[in-house]
Amino acid sequence: MKYIPPKKLKVLMGLFFATGIWGIVYGLWIHHPPIQYLTVFGVINLSLGGLCGYLFLTQEPRSSSKSKK
């Protein structure tokens, strides 16, 4: 997989977790049927945040030598 800078992964992780939590809370707070989909989308966002966190924790650092390319 292509290397992704750690700062970008941290930002994506934070955005996905924040919107996921907001979607779940707002979707459960308002009891209208179309808004219930926000809960599902919140769970999807939490999953994407977990995926970004997994990539952040398991990604190997980029090698500094350019001669290997």
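Structure report, in brief.

Quick notes on the rules
- Residues numbered from 1 in each chain as written.
- Predicted model: local features only at pLDDT ≥ 70, side-chain atom pairs only at ≥ 80, totals over all residues.
- Heavy atoms only, no water.
- Patch = residues over 30% accessible without salt bridge, like charges linked within 9 Å, V, L, I, M, F, W, Y side chains within 5 Å.
- Areas by Shrake-Rupley, 256 points an atom, 1.4 Å probe, with all protein chains shown as cover.
- Salt bridge = Lys/Arg side-chain N within 4 Å of Asp/Glu carboxyl O.
- Helix = DSSP H or I, 4+ residues; strand = E, 2+ residues; numbered from the N terminus.
- Buried < 20%, exposed > 50% of the residue type's maximum accessible area, 1.4 Å probe, protein only.
- Phe/Tyr/Trp six-rings, centres within 6.5 Å; stacked < 30°, edge-to-face > 60°.
- Axes fitted to C-alpha atoms, helices over the stretch in contact; angles between N-to-C directions.
- Parallel < 35°, antiparallel > 145°, perpendicular 65-115°, else oblique.
- Left-handed = near helix turned anticlockwise from the far one by under 90°.
- Nonpolar A, V, L, I, M, F, W, Y, C, P; charged D, E, K, R; others polar.

**A look at a nonpolar patch on the surface**
Turning to step 1, where the next piece is worked out: A grouping of Y37, V40, F41, I44, L48, L51 and Y54 is seen on the molecular surface, where their side chains present a nonpolar patch of about 720 Å² in accessible area.
Turning to step 2, where the next piece is worked out: Among the structural elements, I44 can be located in helix 2 (residues 37–58).
Turning to step 3, where the next piece is worked out: For I44, a relative accessible area of 43% puts it in the partly exposed group.

**Focus: the packing of aromatic side chains**
Turning to step 1, where the next piece is worked out: Applying the stated criterion across every chain yields a total of one aromatic pair.
Turning to step 2, where the next piece is worked out: Plain terms: the ring middles of W22 and Y26 are 5.2 Å apart, the flat faces sit at 5 degrees to each other, and that makes the pair stacked. One end of the pair is W22 and the other is Y26, both in helix 1 (residues 6–29) and four residues apart, which spans about a single turn.
Turning to step 3, where the next piece is worked out: For Y26, a relative accessible area of 34% translates into the label partly exposed.

**Things to note about the packing of helix 1 against helix 2**
The packing of two helices is summarised by the inter-axis angle and the distance between the axes.
Turning to step 1, where the next piece is worked out: Relative to each other, helix 1 and helix 2 sit at 160 degrees, their axes nearing to 7 Å. Comparing the axis directions of helix 1 and helix 2 gives the class roughly antiparallel. Where helix 1 crosses over helix 2, the handedness of that crossing is left-handed.
Turning to step 2, where the next piece is worked out: Residues belonging to the contact of helix 1 with helix 2 are distributed by class as follows: 17 nonpolar, 10 polar and one charged.

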